[in-house]
Amino acid sequence: MAVLNFRALEQSDVKSLQRLFMESLSDLIRRERFEDADLLDEEVARLNTTIQDHFDDDTVDLYVVEEDGILVGAGALLPPNDIISGNMEIERGAIELGSVYVSPRMQRRGVGQFLLEEMMREISVRGKKVFYLDAGFPSAQAYWQKRLGEPSHILEHYWGPGASHMIWRVHIKKGT
């Protein structure tokens, strides 16, 4: 595998990041066989808001992973979303690790693990020992269960019958 580079999002990355989000979400929705026609547009709009917040709001930081100058992954550190804060007791100043996407052609090649490790290192640098993460897509839930263990909280039937939403409260171990 070529060398991966982790860094903060720059203005010149926005179009590439929007393409990465669209490509990743389209692939995810196709694989998950979701029928909701508005889901892609809603998720892209939410992610575009996160991109704008990165430049306008000092509580939101978006990071990218690039390989050979091409964006292959992204993730954000931001205040916990309404699903997390509405269903769990969270600490003041808590951080959510969210908006994590890896290009479909780069999945299962270590990019997600690299991104997670770098983002946990960034959280530690900020003096935090805990972060929150949530997932509604079944394949994302399976990925995070493999990486982080069982969720701290499961919202049964949140998205409809049999469609749960999972929330993790993760303690960062020393040396991360």
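In what follows, the structure referred to is the one given above.
Residues numbered from 1 in each chain as written. Predicted model: local features only at pLDDT ≥ 70, side-chain atom pairs only at ≥ 80, totals over all residues. Heavy atoms only, no water.

As for the overall build of the chain
Moving on, step 1. Summing up its helical and strand segments, the chain has 5 helices and 7 strands in all.
Moving on, step 2. Across the chain, helices and strands are ordered from the amino to the carboxyl terminus as β-α-α-β-β-α-β-α-β-α-β-β.
Moving on, step 3. In terms of C-alpha radius of gyration, the chain reaches 16 Å, essentially the compact-globule figure of 16 Å for 176 residues.
Moving on, step 4. If you line up the chain on its principal axes, its C-alpha atoms span 45 × 40 × 35 Å.
Moving on, step 5. For the chain, buried positions account for 45% of its 176 residues.
Moving on, step 6. Relative to all contacts within the chain whose residues are 6 or more apart in sequence, the contacts with residues 24 or more apart total 66%.
Moving on, step 7. Counting only carbon and sulfur atoms, one obtains 50% of the accessible surface of the chain, whose full area is about 9700 Å².
Moving on, step 8. Within the chain, the 29 negative side-chain charges are centred at a point lying 7 Å from the centre of the 20 positive side-chain charges. (Helix = DSSP H or I, 4+ residues; strand = E, 2+ residues; numbered from the N terminus. Rg over C-alpha atoms; globule rule 2.2 N^0.38 Å. Buried < 20%, exposed > 50% of the residue type's maximum accessible area, 1.4 Å probe, protein only. Contact = heavy atoms within 4.5 Å. Areas by Shrake-Rupley, 256 points an atom, 1.4 Å probe, with all protein chains shown as cover. Lys, Arg positive; Asp, Glu negative; His and termini not counted. Charge placed at Lys NZ, Arg CZ, Asp CG, Glu CD.)

Section: the side chain of Ser 103
Moving on, step 1. If you trace the backbone, Ser 103 turns up in the loop between strand S4 (96-102) and helix H4 (111-125).
Moving on, step 2. When neighbours within four sequence positions are excluded, Ser 103 is seen to be in contact with Leu 20, Glu 23, Ser 24 and Val 72.

Focus on the pairing of strand S5 (residues 130-135)
Moving on, step 1. Across the 6 residues that make up S5, a large majority, 6, are buried.
Moving on, step 2. Residues Val 130, Tyr 132 and Asp 134 point to one face of S5 and Phe 131, Leu 133 and Ala 135 to the other, with burial holding for every one of them.
Moving on, step 3. Pairing of S5 with strand S7 (residues 165-171) involves 6 bridges; the strand directions are antiparallel. Bridging from a neighbouring strand, Ala 135 pairs with Met 166 of S7. (Pairing = 2+ DSSP bridges.)

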